[in-house]
Amino acid sequence: MTGTEDDLVEYGFRRVIITVTAVLCALLEIVDTTIVNVALTNMRGSLGATLNDVAWVITAYAIANVIVIPMTSWLSQQFGRRNYFVVSIIIFTTASFLCGNATNIWELIIFRFIQGLGGGALLVTAQTIITESYPIAKRGMAQAIYGMGVIVGPTLGPPLGGYLVDNFSWPYIFYINIPLGIIAAILAFSFVRSPKYGEKLKAKQVDWWGIVLLTTFIGSLQFVLEHGQQDDWFNNSTITTLSVVSLFGLILFIWREMTYKYPIVNLSVLKDGNLRIGTIMCFILGFGLYGSTLIIPIYTQSILGWTATDAGLLLIPGSITTAFMMPIIGKLIQKGVPQGYMVGIGFLIFFFFTLMMYNNMTPDTGTEHLFWPLILRGVGLGLLFVPITTLSLSTLKGKHIGEGAAFTGMMRQLGGSFGIAIITTFITRFSQKHRVDLVAHLDESKLQVQEKIALLQKGFMSKGFSSNEALKKAYQVIDYSVLKQSTVLSYMDIFLYLGILFLCCIPIIFFIKKGKNKVNPADAMH
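Residues numbered from 1 in each chain as written. Predicted model: local features only at pLDDT ≥ 70, side-chain atom pairs only at ≥ 80, totals over all residues. Heavy atoms only, no water.

S.K.: Would you take a moment to explain the overall build of the chain for this structure?
M.R.: Helices and strands together make up the secondary structure of the chain, namely 21 helices and zero strands. Residues classed as buried in the chain amount to 54% of the 526 residues present. For the chain, long-range pairs separated by at least 24 residues make up 83% of all intrachain contacts whose partners lie at least 6 apart in sequence. Summing over all exposed atoms, the chain offers an accessible surface of approximately 23400 Å²; the carbon and sulfur share of this is 68%. (Helix = DSSP H or I, 4+ residues; strand = E, 2+ residues; numbered from the N terminus. Buried < 20%, exposed > 50% of the residue type's maximum accessible area, 1.4 Å probe, protein only. Contact = heavy atoms within 4.5 Å. Areas by Shrake-Rupley, 256 points an atom, 1.4 Å probe, with all protein chains shown as cover.)

S.K.: Just checking my understanding: could you explain the pattern of salt bridges for this structure?
M.R.: Charged atoms that come close allow side chains of opposite charge to pair. Summed over the entire model, instances satisfying the criterion amount to two salt bridges. Lys433 is paired through a salt bridge with Asp437; the nearest N and O atoms lie 3.7 Å apart. Residue Lys433 and its partner Asp437 are located together in helix 18 (residues 399–441), separated by four residues, close to a single helical turn. Among the residues examined, Lys433 registers a relative accessible area of 48% and is labelled partly exposed. (Salt bridge = Lys/Arg side-chain N within 4 Å of Asp/Glu carboxyl O.)

S.K.: Any chance you could explain the packing of aromatic side chains here in plain terms?
M.R.: The description of an aromatic ring pair rests on the distance of the ring centres and on the angle between the ring planes. Under the definition given, this model contains 15 aromatic pairs. Taken together, a centroid distance of 5.2 Å and an interplanar angle of 65° make the contact between Phe283 and Phe418 edge-to-face. Here Phe283, found in helix 13 (residues 273–303), pairs with Phe418, found in helix 18; they are 135 residues apart in sequence, far enough to count as distant. Judged by relative accessible area, which is 21%, Phe283 ranks as partly exposed. Look at Phe418 and you get partly exposed, because its relative accessible area is 22%. Each residue in the set Phe347, Phe350, Phe353, Phe495 and Phe502 is aromatic and connected to the rest through ring pairs, giving one cluster. Lying over the aromatic face of Tyr61, Arg112 brings its terminal NZ or CZ to 4.1 Å of the ring centre. (Phe/Tyr/Trp six-rings, centres within 6.5 Å; stacked < 30°, edge-to-face > 60°. Lys NZ or Arg CZ within 6 Å of the ring centre and 35° of its normal.)

S.K.: Quick question: what am I supposed to make of the packing of helix 16 (residues 339–360) against helix 17 (residues 367–392) here?
M.R.: Helix packing geometry: the angle between the two helix axes and the distance between the axes. The geometry of helix 16 relative to helix 17 is characterised by a closest axis approach of 8 Å and an angle of 155° between their N-to-C directions. By the criterion of interaxial angle, the relationship of helix 16 to helix 17 is roughly antiparallel. In the crossing of helix 16 with helix 17, the sense of the turn from one axis to the other is left-handed. Class assignment for the residues of the contact of helix 16 with helix 17 results in 22 nonpolar, six polar and one charged. (Axes fitted to C-alpha atoms, helices over the stretch in contact; angles between N-to-C directions. Parallel < 35°, antiparallel > 145°, perpendicular 65-115°, else oblique. Left-handed = near helix turned anticlockwise from the far one by under 90°. Nonpolar A, V, L, I, M, F, W, Y, C, P; charged D, E, K, R; others polar.)

S.K.: What should I look at first to understand a nonpolar patch on the surface in this one?
M.R.: A cluster of nonpolar side chains, Val244, Leu247, Phe248, Ile251, Leu252 and Trp255, forms an exposed patch at the surface whose accessible area comes to about 610 Å². Locating Leu252 in the fold gives a position in helix 12 (residues 237–259). Of the residues examined, Leu252 reaches a relative accessible area of 42% and is grouped as partly exposed. (Patch = residues over 30% accessible without salt bridge, like charges linked within 9 Å, V, L, I, M, F, W, Y side chains within 5 Å.)

S.K.: How do you make sense of the packing of helix 13 against helix 20 (residues 467–505) when you look at a structure like this?
M.R.: At their nearest, the axes of helix 13 and helix 20 sit 11 Å apart, and the two run at 160° to each other. Taken together, the axis directions place helix 13 and helix 20 in an arrangement best described as roughly antiparallel. Pair helix 13 / helix 20 crosses with left-handed handedness. Across the interface between the two elements, Ile284, Phe287, Gly288, Ser292, Ile295, Ile296, Ile298, Tyr299, Ser302 and Ile303 of helix 13 pack against Tyr480, Lys484, Thr487, Val488, Tyr491, Ile494, Phe495, Leu498, Leu501, Phe502 and Cys505 of helix 20. Each residue belonging to the contact of helix 13 with helix 20 can be placed in one class, and the counts come to 16 nonpolar, four polar and one charged.

S.K.: Explain the side chain of Thr321 here, please?
M.R.: One can find Thr321 in helix 15 (residues 316–335). For Thr321, a relative accessible area of 15% gives the class buried. Engagement of the side chain of Thr321 in a polar contact is seen with the backbone oxygen of Pro317, the distance being 2.7 Å. For Thr321, the contacting residues outside a window of four places in its chain are Ile375, Gly378 and Val379. (Polar contact = N/O pair within 3.5 Å; in protein donor to acceptor, adjacent residues only side chain to side chain.)

Rendered as structure tokens:
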């Protein structure tokens, strides 16, 4: 192996170019996961879609990512790494162009799915390319560069998206990928080299059933998560059918991978105890990370009436904090500080973040009240992200490290999808409940209520409305404020429950075994 490992090490100018290309590709993929969040409101308007339909723009991308990520190492071996990487960039870039030109919501969703199939590959392959282009002694540095990209990416998305949406129009959030994608494809084709190891499989040896079952199980699961709320969960025949399909898909998939000679996903790595704990924690991390990133922009835009740019900019200080934390945490891990403790503290900090959000949310909260909670969230993320990934892989060796990393990556994405689905469901349920409770207090026989209505009615009459019209308008204003209040209350509930979830995760750290070999954070950051 040593011969082939050193073959890929690059020096000087070539190495700089390869690093830039790989980080650029990883950034393209990650920024695109979050850039859409701030544009959802505008897409709804111009494509005439419901909130639930628009959520599919995020989901389709996530489904495709989750399906591709476990298969990347296999696909790289099959087609040669460089070819696979370049083709992925081209698929991603072409799909971006088509997304911008979509005329209705379903076209957009299909193109987002294709974009996700290209994008999922960029992350993992970029990771491997960077790692192998550096001599072993310098891999930590390589990973730090890559890690910064991975963390800053999700936060660049919203403000960049906001700026483009406010100053141009939503298709530009897709068009911006095109020049970058073309540059990346040319650079990758010219400079990236493919490793020699790994035999190609003949068409008949390929685990076709594995691919079919993986796609069925994950695709159905995602559909159920996305559409469960609006279709009334298990009272709907489609949802029930797909849940069953997903369950059987999972069981058959596991059986197939355990018994087939050339499995597409190697499940035997999960025999490792720490990897099992790590995958669970990655799931929870995805849940909290994507879940809270979903609520904050929606809350600031729909309740506080901020512009998309402001909503995005709010998240920046927090991610700068995380980026700042990364190298420090890496150093601590190398010095031998137990990762379990960091993870525990990370979960605790996340709990305080949700508690502060719970206390600070009102229909007119100012920036200053959201600033510190988000900084806290940044610190918590730093303490969770690297330790969880290195911890998961701390007892794995060699080829298994890559396979383990694919699991943690997949579980983080799945956690995000579960998070978004469960959170949107509860927002709807809680809002309805709070609305009923609030309306019960609005008794028209109460003096206060009568005075408020009379005051509003007078106000509208002074603007030239007739008495009846003004009364109707007054009722609308009150109805709107009830709606606003009930939505804020439901966001508060979500934060409270997220916090409780994080608190409950702290005991998991006691199940961690001590790793024999020190994992280079390099191999962990998928």
